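Structure assessment
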Amino acid sequence: MAPKLLLTFVIYRLITTVGLTLDPADLHRLGLDGHLSVNPSDMAAASVDFGMMTRAAPLAVLHPSSAEDVARMVGAAYRSAHGFSVSAKGHGHSINGQAQTSSGVVIEMSESKGVRQWGLPRVSEKSMYVDAWGGELWIDVLTTTLQYGLAPKSWTDYLYLSVGGTLSNAGISGQAFNHGPQISNVYELDVVTGKGELLTCSEEQNSELFHAVLGGLGQFGIITRARIGLEAAPQRVRWIRVLYSNFSTFTKDQEYLISLHGQPSNQKFDYVEGFVIVDEGLINNWRSSFFSPRNPLKISSFGATGGVLYCLEIAKNYHDSSADTIDQDVEALLKKLDFIPSSVFTTDLPYVDFLDRVHKAELKLRSKGLWDVPHPWLNLFVPKSRIDDFDEGVFKGILGNKTSGPILIYPMNKNKWDDRTSVVTPEEDVFYVVALLRSALDSGEEAQSLEYLANQNRQILRFCDDAGIKVKQYLPHYTTQQEWLDHFGHDNWTLFSKRKMAFDPRRILATGQRIFEPPTPAPALSASAFMPSLYYSS
């Protein structure tokens, strides 16, 4: 079908569904350089996500060629008579349909089918930053910056996520105790607001929008460019895992390690994470493939209390030029820890291989048909003061001795988070990330079924509520506005709602988050009023 004829078809679909009150010829003059599609394969791809638990087919899919394309489409939605929603989708790694919409357009930020005007990420060696398209994957940002001997400071464990996607949540991994989450390492953004305005924002310019968008769950704008701080990239990583049978000892050591964030680089680790092992098989599971399958470990061999082991995962970055001192630096740090002496597992690998470690596991799972399955993940921020209670009630209680995926646990320093952003964290100086990254499998085992795991997630949240453990969901999912109000708290909710009215007053953006009611009707506008009002703030 000729491009113009296809665009006309898409336009008529929008008109008949959401009541646009203008002639199709005017929509043609939006001047989209990208590709607006209702192709079944595009629609199917936009209707699902990594969670594979919800499905919603959009009215159309836009593959933009530029930020202007994004602004024109959002402007069209803003000026439509009945309002249609617009959801930005990166690599589709949402869990509960957050980037889906059944009443509007999905913008595929990472899967562009047009000639991208943006090009590759652009690096400033002098100012130590990289400018990246909002749909760029972090793996591609890394590949580009390494050509200059540079790299971003803060990461996620999985690099095949979009820049705009992680910055709309927070972006966390084992470096966050030292550098803060990814949103703490952003210098500047270009954002398309819910009014179709393309604005540049930073700490100094349009600062309210800047802070709103970071961790804003896509509610205030679509990130089309991010300026991200860089540091000199290390060449290699010493990757270490040690085991604990006592939870209090495990958390004491984790908290000690993150307290070293202000020390010189040779007196601290660069990465601190950990995970819980409640199942014999999970010592050697996909995320724990670090251990040799030819010499499998057994929980029982380490005297685990309550059948649970805890693994501290730490890493030290270094350059070839400092290889002669890495052993003594690591040894000095390990001497301060109280892990099981016989449980030290160490490997050395290139820096890029360490950062991309989860992708290698993904390829193995894909080869076995175990990647494209439902993922009822639950990610929580737990206050330090209640982490022992959480261990007793969840790790040693609700989970039993069977699970179907990694359970990560590691502490964060709250002072590395900017409370002006939209992210909500517990009100304590230290809080823990607990990530239950389970996969639902059609194996015939009840404990691996989607229904069982989803019910277990509900049990965990109910336990926290009953025990008065004030957890906050990371990558939150709620179905009522009251639940969202409880999540944010009164003051944060008031600010969040105020920002929504300022930057997306018709509630067009990211309706899949289910935070606000969908788009509101507006008085009919003339075609000329509908035409895009693009402008930059430089």
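Residues numbered from 1 in each chain as written. Predicted model: local features only at pLDDT ≥ 70, side-chain atom pairs only at ≥ 80, totals over all residues. Heavy atoms only, no water.

1. Some points on the overall build of the protein
Here is the rule: Note on conventions: DSSP H or I runs of at least 4 residues are helices, E runs of at least 2 residues are strands, and numbering of each starts at the N terminus. Partly exposed describes any residue whose relative accessible area lies between the buried limit of under 20% and the exposed limit of over 50%, with all areas from a 1.4 Å probe on protein chains only and scaled to the type maximum. The contact definition used throughout considers only heavy atoms, calling two residues in contact when any of these lie within 4.5 Å. Accessibility throughout is a Shrake-Rupley quantity obtained with a 1.4 Å probe, and a residue counts as covered only by protein chains that appear here.
On a plain count of helices and strands, the protein comes out with 17 helices and 18 strands. Relative to its full complement of 538 residues, the protein shows a buried share of 59%. Pairs at least 24 residues apart make up 75% of the contacts formed inside the protein by residues separated by at least 6 positions. Surface accessibility of the protein: about 21400 Å² in total, with carbon and sulfur atoms responsible for 51%.

2. Some thoughts on the sheet that holds strand S2 (residues 60-63)
Note the following rule: In this analysis, strands are considered paired if DSSP registers two or more bridges between them. Interaxial angle, 0 to 180 degrees, is taken between N-to-C directions of lines fitted to C-alpha atoms, where a helix line uses only the stretch in contact.
If you trace the 4 strands from one edge of the open sheet to the other, you get S1-S2-S4-S3, paired in mixed fashion. What marks the edges here is a single partner per strand, and that holds for strand S1 (35-37) and strand S3 (85-89). With direction set aside, neighbouring strand axes in the sheet form an average angle of 20 degrees. With 5 bridges joining them, S3 and strand S4 (residues 104-108) adopt parallel strand pairing.

3. Looking at the packing of aromatic side chains
Under the convention used in this document: Each Phe, Tyr or Trp ring, with Trp reduced to its six-membered ring, pairs with another whose centre is within 6.5 Å; inter-plane angles below 30 degrees give stacked pairs, above 60 give edge-to-face pairs, and intermediate values give tilted ones. Charge-over-ring contacts are defined here by two conditions on Lys NZ or Arg CZ: a distance within 6 Å of the ring centre and an angle within 35 degrees of the ring normal.
Under the counting rule described, the total for this entry stands at 25 aromatic pairs. A ring pair is formed by Tyr478 and Trp484, whose centres lie 5.0 Å apart and whose planes are at 80 degrees; its orientation type is edge-to-face. Taken as a pair, Tyr478 and Trp484 share a single burial class, namely buried. Every member of this aromatic cluster is reached through a ring pair, and the members are Phe220, Tyr478, Trp484, Phe488, Trp493, Phe496 and Phe516. Directly above the ring of Phe354 sits Arg357, whose terminal nitrogen or CZ lies 4.3 Å from the centroid.

4. Considerations on the sheet that holds strand S14 (residues 345-350)
Across the sheet, 8 strands lie side by side as S14-S11-S13-S12-S16-S17-S15-S18; this open sheet has antiparallel pairing. Of all strands in the sheet, those bounded by a partner on one side alone are S14 and strand S18 (472-473). Direction of pairing for strand S11 (residues 236-244) relative to S14: antiparallel, over a ladder of 6 bridges. By the bridge assignment, Ile240 is partnered in S14 with Thr346. Helix H10 (residues 323-334) contacts S11 and strand S13 (309-318) of the sheet and is inclined by roughly 150 degrees relative to S13.

5. Some words on unusual backbone geometry
With glycine set apart, most residues show a phi of negative sign, and most peptide bonds adopt trans. One non-glycine residue, Met128, adopts positive backbone phi at about 60 degrees. Relative to the helices and strands, Met128 resides in the loop between strand S5 (122-124) and strand S6 (129-133). Positive phi, normally seen in glycine, also occurs at Asn206, with a value near 50 degrees. When you line up the elements, Asn206 lands in the loop between strand S9 (198-202) and helix H8 (207-213). Relative accessible area serves as the criterion here: at 34%, Asn206 is assigned to the partly exposed category.

6. Focus on the side chain of Ser65
As a reminder, the rule being used: Polar contact is the term for a pair of N or O atoms within 3.5 Å; when the atoms are in protein, one must be able to donate a hydrogen and the other to accept it, and sequence-neighboring residues count only if both atoms are side-chain atoms.
Note on placement: Ser65 falls in the loop between S2 and helix H4 (67-79). The exposure class of Ser65 is buried, given its relative accessible area of 1%. There is a polar contact of 3.4 Å between the side chain of Ser65 and the backbone oxygen of Asp33.

7. Focus: the side chain of Ser404
Locating Ser404 in the fold gives a position in the loop between helix H13 (387-398) and strand S16 (407-413). Owing to a relative accessible area of 10%, Ser404 belongs among the buried residues under this scheme. For Ser404, the side chain forms a polar contact with the main-chain oxygen of Ser439, separated by 2.9 Å. Those residues in contact with Ser404 that sit more than four places away from it in its chain are Leu437, Arg438, Ser439, Gln448 and Leu453.

8. Some thoughts on the packing of helix H15 (residues 481-488) against helix H16 (residues 490-503)
To be explicit about the condition: Each residue is assigned to one of three groups, with Ala, Val, Leu, Ile, Met, Phe, Trp, Tyr, Cys and Pro labelled nonpolar, Asp, Glu, Lys and Arg labelled charged, and all others, Gly among them, labelled polar.
In the contact formed by H15 and H16, the axes pass within 6 Å of each other and the chain directions differ by 115 degrees. Side by side, H15 and H16 meet where Gln481, Trp484, Leu485 and Phe488 of the first sit next to His490, Asn492, Trp493 and Phe496 of the second. Residues belonging to the contact of H15 with H16 are distributed by class as follows: 5 nonpolar, 3 polar and no charged.

9. Digging into the nonpolar core
Where we set the bar: Buried residues of nine kinds, namely Ala, Val, Leu, Ile, Met, Phe, Trp, Tyr and Cys, make up a nonpolar core once their side-chain atoms join them within 4.5 Å.
Ranked by size, the top nonpolar core spans 78 residues in total, and within it Trp138, Leu167, Ile172 and Leu189 carry the most contacts. Excluding its chain neighbours within four sequence positions, the residues that come into contact with Leu189 are Leu167, Leu199, Thr200, Cys201, Phe210, Val213, Leu214, Ile223, Arg225 and Ala226.

10. Things to note about the confidence of the model for the protein
Selection criterion: Every residue is assigned a pLDDT by the predictor, reflecting its confidence on a scale from 0 to 100.
When pLDDT is averaged along the protein, the result is 88; 85% of the residues meet or exceed 70. Scored below 50 in pLDDT, residues 21-27 shows 15 contacts in the model against residues more than four places distant or in partner chains. A low-confidence stretch, residues 523-538 (pLDDT under 50), is modelled with 37 contacts involving residues beyond four sequence positions or located in other chains.

11. A few points about the pattern of salt bridges
Put simply, the rule reads: Definition used for salt bridges: Asp or Glu carboxyl oxygen within 4 Å of a side-chain nitrogen of Lys or Arg.
Scanning all chains against the criterion turns up 25 salt bridges. Among the ionic contacts, a cluster of salt bridges with common partners joins Asp131, Glu188, Asp190, Arg225 and Arg227.

12. Details of the environment of Val61
With respect to the helices, strands and loops of the structure, Val61 is situated in strand S2. As a C-alpha pair, Val61 and Leu36 span 25 residues in sequence and 5.7 Å in three-dimensional space.

13. Quick look at the environment of His261
Along the chain, His261 falls in the loop between helix H9 (247-258) and strand S12 (271-277). With relative accessibility at 22%, the residue His261 sits in the partly exposed group. The spatial distance from the C-alpha of His261 to the C-alpha of Lys416 is 9.9 Å, given a sequence separation of 155 residues.

14. Considerations on H9
Inclusion rule: Expected span, for any helix, means 1.5 Å times one less than how many residues it has.
The end-to-end C-alpha distance of H9 is 17 Å, a good match for the 16 Å that 12 residues give at a rise of 1.5 Å each. Where H9 is concerned, the buried positions are Phe247, Phe250, Thr251, Asp253, Gln254, Glu255, Leu257 and Ile258. Sitting at the head of H9, Asn246 places a side-chain oxygen 3.1 Å from the backbone nitrogen of Ser248.

15. Topic: the environment of Ile183
You can see Ile183 is positioned in the loop between helix H7 (176-179) and strand S8 (186-193). Taking the C-alpha atoms as reference, Ile183 lies 9.0 Å from Ile228; in sequence the two are 45 residues apart.

16. Some points on the packing of H9 against H13
Helix-helix packing: each pair is described by the crossing angle between the helix axes and the interaxial distance. Defined as follows: Angular relationships are summarised with four words: roughly parallel below 35 degrees, roughly antiparallel beyond 145, roughly perpendicular across 65 to 115, and oblique for the angles in between. Put simply, a crossing is left-handed when the front helix is turned counterclockwise from the back one by less than a right angle, and right-handed when it is turned clockwise.
Viewed as axis vectors pointing N to C, H9 and H13 meet at an angle of 130 degrees, and their least axial separation amounts to 11 Å. When the axis of H9 is compared with that of H13, the two are oblique. Our pair here, H9 against H13, has a crossing hand that is right-handed. Across the interface between the two elements, Phe247, Ser248 and Thr251 from H9 touch Ile387, Asp388, Asp391, Phe395 and Lys396 from H13. Here the residues of the contact of H9 with H13 are counted per class, giving 3 nonpolar, 2 polar and 3 charged.

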